[in-house]
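# A closer look at the structure
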Amino acid sequence: MPEGHTLHRLARLHQRRFAGRAVAVSSPQGRFADAAAVNGRVLRRASAWGKHLFHHYDGGRIVHVHLGLYGAFTEWERHDGEVLPEPVGQVRMRMVGTEYGTDLRGPTVCEVLDAAEVDAVVARLGPDPLRADADAAWPWSRISKSRRPIGALLMDQTVIAGVGNVYRNELLFRHGIDPYRPGQKVTDAEFAAAWADLLALMKVGLRRGKIIVVRPEHDNGAPSYAPGRPRTYVYRRAGDPCRVCGEIIRTAVLEGRNVFWCPNCQT
């Protein structure tokens, strides 16, 4: 599932390519019945909160997208005089501007909301580390009182919005915290350091389009878990030696998601 930096990158891209102009919106697949409500309207701005993308249109209508596990946008250029490309696959939503187009396939959510409904979506979410108004006090108030494992709390979008499985596992490794440690056993200093690190890591992800978490001194040896991906410390490295201490990386299922950790480096 795409993590928060991906949605912010999409918001920035769509802001540059479509904002300030009328956009043709359709649903080649036919499953986005509300496309007509924004078709031909001016896109005022695009924004993101956690894993949620919002397209704000003239007249107060807002397209809300959650990519889920399988959703993805395909971007393409549009040239004068050229016939629009035929949709490939099940395109839930097609946006066409003056110079660019984008096709959305496979999202969990694609719907038109009003401002009050968007506020209700956001109200269910924790702070987004990539937003300027992110306040660490809210997640800390939840984490410091909880008996749930910190590894589960970090993935809870009502605690922190935008953190996915890669950032969760890697952040805990970088700060030596076992994912099964109860939230209330994490110290104030540990959380403050992890929060500051999370902000820095996600900003790098936003800028570079990749989750980069391995420190330069450890960025060698065994390759990444998949071609074209930066190295990780523990994510998808079960059975491999730790890049720092050599202990074997472990994995288990924690509240429905795979968690990875080093039993020596994380306590």
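Residues numbered from 1 in each chain as written. Predicted model: local features only at pLDDT ≥ 70, side-chain atom pairs only at ≥ 80, totals over all residues. Heavy atoms only, no water.

### A few points about the pattern of salt bridges
Which entries qualify depends on this criterion: The working definition used for a salt bridge is a side-chain nitrogen of Lys or Arg within 4 Å of a carboxyl oxygen of Asp or Glu. A run of H or I in DSSP becomes a helix once it reaches four residues, and a run of E becomes a strand once it reaches two; helices and strands are each numbered from the N terminus.
Using the criterion set out here, one finds 9 salt bridges in the structure. The closest approach of N and O atoms between Arg 17 and Glu 75, which form a salt bridge, is 3.9 Å. A residue pair is termed long-range when its members are at least 10 positions apart, and Arg 17 in helix α1 (residues 4-18) and Glu 75 in strand β5 (residues 72-77) qualify at 58 residues. Where Arg 148 meets Glu 255, a salt bridge forms, and the shortest distance between an N and an O atom there is 2.8 Å. In this pair, Arg 148 is assigned in the loop between α3 (137-143) and α4 (150-153) and Glu 255 in the loop between β9 (250-254) and β10 (257-261), connecting sequence segments 107 residues apart. What emerges from the salt-bridge pattern is a single network uniting Arg 148, Asp 156 and Glu 255.

### Thoughts on a nonpolar patch on the surface
To keep it simple, the criterion reads: To count toward a patch, a residue needs a relative accessible area over 30% and no salt bridge; like charges are then connected within 9 Å, while nonpolar side chains (Val, Leu, Ile, Met, Phe, Trp, Tyr) are connected within 5 Å. Computed by Shrake-Rupley with a 1.4 Å probe, the accessible areas treat only the displayed protein chains as cover when residues are assessed.
Together, Met 1, Leu 69 and Tyr 70 make up a nonpolar patch on the protein surface, roughly 380 Å² of accessible area in all. Following the sequence through the fold, Met 1 ends up in the segment before α1.

### A short note on a negative patch on the surface
As a reminder, the rule being used: His residues and chain termini do not enter the charge count, which takes Lys and Arg as positive and Asp and Glu as negative. Taken as the charge centre is NZ of Lys, CZ of Arg, CG of Asp or CD of Glu, depending on the residue.
Residues Glu 77, Asp 80, Glu 82 and Glu 99 make up a contiguous surface patch of negative charge. Locating Asp 80 in the fold gives a position in the loop between β5 and β6 (91-96).

### What to know about the pairing of strand β4 (residues 62-66)
Regular strands place side chains that alternate from one sheet face to the opposite one. Stated precisely, the cut-off is as follows: Relative accessibility decides the category of a residue: with a 1.4 Å probe and only protein chains considered, values under 20% of the type maximum give buried, values over 50% give exposed, and everything between is partly exposed. Pairing between two strands requires that DSSP report at least two bridges joining them.
Burial runs high along β4: 5 of the 5 residues are buried. The alternating pattern of β4 places Ile 62, His 64 and His 66 and Val 63 and Val 65 on opposite faces, both of which are buried. Two elements, strand β3 (residues 52-57) and β4, share 5 bridges in a ladder whose sense is antiparallel. Within the sheet, the bridge partner assigned to His 56 lies in β4 and is Ile 62.

### Brief notes about the UniProt feature "domain: FPG-type" (unreviewed entry) in the chain
Put simply, the rule is: UniProt positions are given in the numbering used here, feature names are shortened, and annotations may be inferred rather than shown by experiment.
As annotated in UniProt, the feature "domain: FPG-type" (unreviewed entry) corresponds to residues 233-267 in the numbering used here. For residues 233-267, the end-to-end C-alpha separation is 16 Å, with 0% helix and 29% strand making up the annotated structure.

### Topic: the side chain of Arg 92
For the record, the criterion: Definition of a polar contact: a pair of N or O atoms within 3.5 Å, with one able to donate and the other able to accept a hydrogen when the atoms are protein atoms, and with sequence-neighbouring residues admitted only if both atoms are side-chain atoms. For this analysis, residues touch if any pair of their heavy atoms sits within 4.5 Å.
Tracing the backbone shows Arg 92 in strand β6. In this structure, Arg 92 is buried with no salt-bridge partner, the nearest side chain bearing the opposite charge being Glu 111 at 9.5 Å. Of the polar contacts made by the side chain of Arg 92, one reaches the side chain of Gln 29; its length is 2.7 Å. If near-sequence neighbours (up to four positions away) are discounted, Arg 92 is found in contact with Ser 26, Ser 27, Gln 29, Arg 31, Phe 32, Leu 104, Arg 105, Pro 107 and Cys 110.

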